[in-house]
Amino acid sequence: VAWLGVRLTETLEVLSVQEGSPAAKAGLKAGDRIKAWNGEPLGDLAALQAKFKKAKPKQKLKLTVLSGGEERPVDLTLGQQSGEEEPAEGPGTPF
């Protein structure tokens, strides 16, 4: 199962980032909002979930992230969730 290491709201705002996760290594932080996946706009959580269902561990991708009022590209490689990693605690949907 592909793994990013974040918890997100319905509007794709990052609530938390798991330490040592692909998201953390790529510099994502709480308050960032994911806007696009490989150039394809994401409107909501359902759109991201659809992309994630097709994603593979070790897949390279480019997210477009709204951070501090500015959009920026984030290159990252998805990890593989072995089942040993516990999703970061708290509200939101884990990815």
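Overview of the structure. Remember, it's a predicted structure, so these values are computed and weren't measured experimentally.

### Overview of the sheet that holds strand S4 (residues 33-37)
Consideration 1: Taken in spatial order, the four strands make up an open sheet running S5-S4-S6-S7, and their pairing is antiparallel. Strands at the two margins of the open sheet, each flanked by one partner only, are strand S5 (40-41) and strand S7 (70-77).
Consideration 2: The sheet contact formed by S4 and strand S6 (residues 60-67) spans four bridges and is antiparallel. Looking across to S6, one finds that Trp-37 is bridged to Leu-63.

### Looking at the pattern of salt bridges
Consideration 1: A complete count under the given rule lists five salt bridges for this structure.
Consideration 2: As a salt-bridge pair, Lys-29 and Asp-32 come within 3.7 Å of each other at their nearest N and O atoms.
Consideration 3: Classification of Asp-32 by relative accessible area gives buried; the value is 2%.
Consideration 4: Of the charged contacts, one joins Lys-62 and Asp-75 as a salt bridge, the two residues approaching to 3.8 Å between their closest N and O atoms. One end of the pair, Lys-62, is in strand S6; the other, Asp-75, is in strand S7, and 13 residues separate them in sequence.
Consideration 5: Among the ionic contacts, a cluster of salt bridges with common partners joins Lys-29, Asp-32 and Arg-72.

### Some thoughts on helix H2 (residues 45-54)
Consideration 1: Along H2, the residues that are buried comprise Leu-45, Leu-48 and Phe-52. Around the axis of H2, the buried residues are gathered within 65 degrees of arc, so they sit on the same side. Pointing more than 90 degrees away from the buried face of H2 are the exposed residues Lys-53 and Lys-54.
Consideration 2: If you follow the buried residues of H2, they end up packed against strand S1 (2-3), strand S2 (6-8), S4 and strand S9 (93-94).
Consideration 3: Its side-chain oxygen placed 3.3 Å from the backbone nitrogen of Ala-46, Asp-44 serves as the N-cap of H2.

### What about the sheet that holds S2?
Consideration 1: With antiparallel pairing, three strands are arranged side by side in an open sheet as S3-S2-S9. Sheet topology places strand S3 (14-17) and S9 at the edges, where each strand pairs with a single neighbour.
Consideration 2: In terms of strand pairing, S2 meets S9 through two bridges, oriented antiparallel. Looking at S9, one finds that Leu-8 is bridged to Thr-93.

Reading guide: rules and limits
Residues numbered from 1 in each chain as written. Predicted model: local features only at pLDDT ≥ 70, side-chain atom pairs only at ≥ 80, totals over all residues. Heavy atoms only, no water. Pairing = 2+ DSSP bridges. Helix = DSSP H or I, 4+ residues; strand = E, 2+ residues; numbered from the N terminus. Salt bridge = Lys/Arg side-chain N within 4 Å of Asp/Glu carboxyl O. Buried < 20%, exposed > 50% of the residue type's maximum accessible area, 1.4 Å probe, protein only. Arc of directions from axis to C-beta. Contact = heavy atoms within 4.5 Å. Polar contact = N/O pair within 3.5 Å; in protein donor to acceptor, adjacent residues only side chain to side chain.

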